[in-house]
Structure formats: structure tokens, C-alpha cells
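Listed here are the chains, written in short residue letters.
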Amino acid sequence: MNAKETKSSLYMTWGLIASSILSCFCRPDYNIVCGFLVLFLRSRNNGKKILRCGIHLLLLSIIIDIIWIIKYTSVWRHGDETSELWQSLSFTHNLAYFLAYIEMLVKLPLIFFYFKQFKNSGGNNLELLSFIYSK
């Protein structure tokens, strides 16, 4: 990865963490942990196993984001039939949805950067299908 891509991925990771912190006002958000794990993995030696772990972590978190969005879309309704208290949470719930989409979109380029680095280090696409990290 060149210096521009490295800097971009670092900013995206910090953006993911900042978005997750803001999102915690609306919902418990695991993306803070995911963001710090990505930073931790970046600080390691960038071996193929570390890069593969980062790709798996980000893909798993995207799947969890999709499940969360699908689950709460049917629950967080703010129509006229709901109470005033529930309607007052409309902004907070909409902010949580917006941030969930933003966090999911930020992870896609991060996966791309990790994948590119994985390929540059001699990684094989079939290695990404394995979840075994020790020999």
C-alpha cells in the first residue's frame, strides 16, 4: 500500500470509530471495538494472517450491520399510532440508521485496502476462505 492509501485507510478507521462513538448515543455499537481492532491489526507486522484476520473481521461486522438494520427497521416505527414519547425518539432512531449505513459504507474501502495489501504480500484468494489462523 502506498502512503496515500495508508493515510486514507487510517482516516477511514478513525472515522469509523468516531461514527461508532456518536452512534452509541442511539444504540450499543460494537463498531468501536471493530475500529480499534482494525487499528491494532494495522500496527502489527502486516503478515498475511493479520491481513486475513482484518478482512474477516470487517466482513463479519458488515454482516452484523445488515442484520441489525433489518431487525430494527420493523421495530422502530414512528407513525401517528405510536405514543408521543416514542415519536420523540424519531430523530435519535433515524440518526442510528444513518450512522449504521455510513459505518457499513466506510468498511467497504477498508476491506478493499486490506485485500490489496493481502494480494501484494502474496496472498491467495482461497486463503480467505479459511478461518484457521494457526498451523
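Residues numbered from 1 in each chain as written. Predicted model: local features only at pLDDT ≥ 70, side-chain atom pairs only at ≥ 80, totals over all residues. Heavy atoms only, no water.

Section: the overall build of the protein chain
Part 1: Counting its secondary structure elements, the protein chain contains 5 helices and 0 strands.
Part 2: Going from the N terminus to the C terminus, the protein chain shows its helices and strands as α-α-α-α-α.
Part 3: Considering only C-alpha atoms, the protein chain reaches an extent of 60 × 30 × 20 Å along its principal axes.
Part 4: Looking at the protein chain residue by residue over its 135 residues, the buried ones come to 35%.
Part 5: Nonlocal contacts in the protein chain, meaning residues at least 24 apart in sequence, comprise 70% of its contacts between residues at least 6 apart.
Part 6: Entry remark: accessible area of the protein chain is about 8200 Å², with carbon and sulfur atoms responsible for 69%.
Part 7: Across the protein chain, the mean location of the 14 positive side-chain charges is 19 Å away from that of the 8 negative side-chain charges. (Helix = DSSP H or I, 4+ residues; strand = E, 2+ residues; numbered from the N terminus. Buried < 20%, exposed > 50% of the residue type's maximum accessible area, 1.4 Å probe, protein only. Contact = heavy atoms within 4.5 Å. Areas by Shrake-Rupley, 256 points an atom, 1.4 Å probe, with all protein chains shown as cover. Lys, Arg positive; Asp, Glu negative; His and termini not counted. Charge placed at Lys NZ, Arg CZ, Asp CG, Glu CD.)

Remarks on the packing of helix H1 (residues 3-23) against helix H2 (residues 31-43)
Part 1: Orientation of H1 relative to H2, taken along the N-to-C sense of each, is 155°, at an axis distance of 8 Å. For the element pair H1 / H2, the angle class is roughly antiparallel. Two packed elements cross with a definite hand, and for H1 against H2 that hand is left-handed. When H1 is examined against H2, the residues Thr6, Ser9, Leu10, Thr13, Trp14, Leu16, Ile17, Ser20 and Ile21 are found in contact with a partner set consisting of Asn31, Ile32, Gly35, Phe36, Val38, Leu39 and Arg42.
Part 2: Residue composition of the contact of H1 with H2, grouped by class: 9 nonpolar, 6 polar and 1 charged. (Axes fitted to C-alpha atoms, helices over the stretch in contact; angles between N-to-C directions. Parallel < 35°, antiparallel > 145°, perpendicular 65-115°, else oblique. Left-handed = near helix turned anticlockwise from the far one by under 90°. Nonpolar A, V, L, I, M, F, W, Y, C, P; charged D, E, K, R; others polar.)

Digging into the packing of H1 against helix H5 (residues 90-120)
Part 1: Between H1 and H5, the shortest axis-to-axis distance is 10 Å and the interhelical angle comes to 155°. Put simply, H1 runs roughly antiparallel to H5. Between H1 and H5 lies a crossing whose hand is left-handed. Residues Glu5, Ser8, Ser9, Met12, Thr13, Leu16, Ser19, Ser20, Leu22 and Ser23 of H1 form the contact with H5, whose own contacting residues are Leu99, Glu103, Val106, Lys107, Pro109, Leu110, Phe113 and Lys116.
Part 2: Residue classes in the contact of H1 with H5 are distributed as 8 nonpolar, 6 polar and 4 charged.

Section: the confidence of the model for the protein chain
Part 1: For the protein chain, the mean per-residue pLDDT works out to 81, and 91% of the residues sit at or above 70.
Part 2: Across the protein chain, the secondary-structure element scoring lowest on mean pLDDT is helix H4 (residues 84-88), at 73, and the one scoring highest is helix H3 (residues 48-73), at 87. (pLDDT = per-residue confidence, 0-100.)

Describing the nonpolar core
Part 1: If you look at the biggest cluster of nonpolar residues, it comprises 22 residues, and the most contacted ones within it are Val38, Leu58, Trp68 and Tyr114.
Part 2: For this core, the secondary structure elements donating two or more residues are H2, H3 and H5.
Part 3: Per-element tally for this core: the top contributor is H5, with 9 residues.
Part 4: Once residues lying within four places of it in the same chain are set aside, the contact partners of Val38 are Thr13, Leu57, Leu58 and Tyr114. (Core = buried A, V, L, I, M, F, W, Y, C linked by side-chain atoms within 4.5 Å.)

Some details on the packing of aromatic side chains
Part 1: Going through the model one piece at a time under the given rule, you end up with 3 aromatic pairs.
Part 2: Look at Trp14 and Phe36: their rings are 6.1 Å apart centre to centre, the planes differ by 90°, and that puts the pair in the edge-to-face class. Of the two residues, Trp14 is situated in helix H1 and Phe36 in helix H2; the sequence distance between them amounts to 22 residues.
Part 3: Geometrically, the ring pair formed by Phe112 and Phe113 is tilted, given 6.1 Å between the ring centres and 50° between the ring planes. (Phe/Tyr/Trp six-rings, centres within 6.5 Å; stacked < 30°, edge-to-face > 60°.)

Topic: the pattern of salt bridges
Part 1: A complete count under the given rule lists 2 salt bridges for this structure.
Part 2: Linking Lys48 and Glu127 is a salt bridge whose minimum nitrogen-to-oxygen distance equals 3.5 Å. With Lys48 in helix H3 and Glu127 in the segment after H5, this residue pair connects regions lying 79 residues apart in the sequence.
Part 3: Judged by its relative accessible area of 31%, Lys48 falls in the partly exposed class.
Part 4: Note that Asp65 is salt-bridged to Lys107, the shortest N-O span being 2.6 Å. In this pair, Asp65 sits in helix H3 while Lys107 sits in helix H5, placing the two residues 42 residues apart along the sequence. By the burial criterion, Asp65 is buried, and Lys107 matches it. (Salt bridge = Lys/Arg side-chain N within 4 Å of Asp/Glu carboxyl O.)

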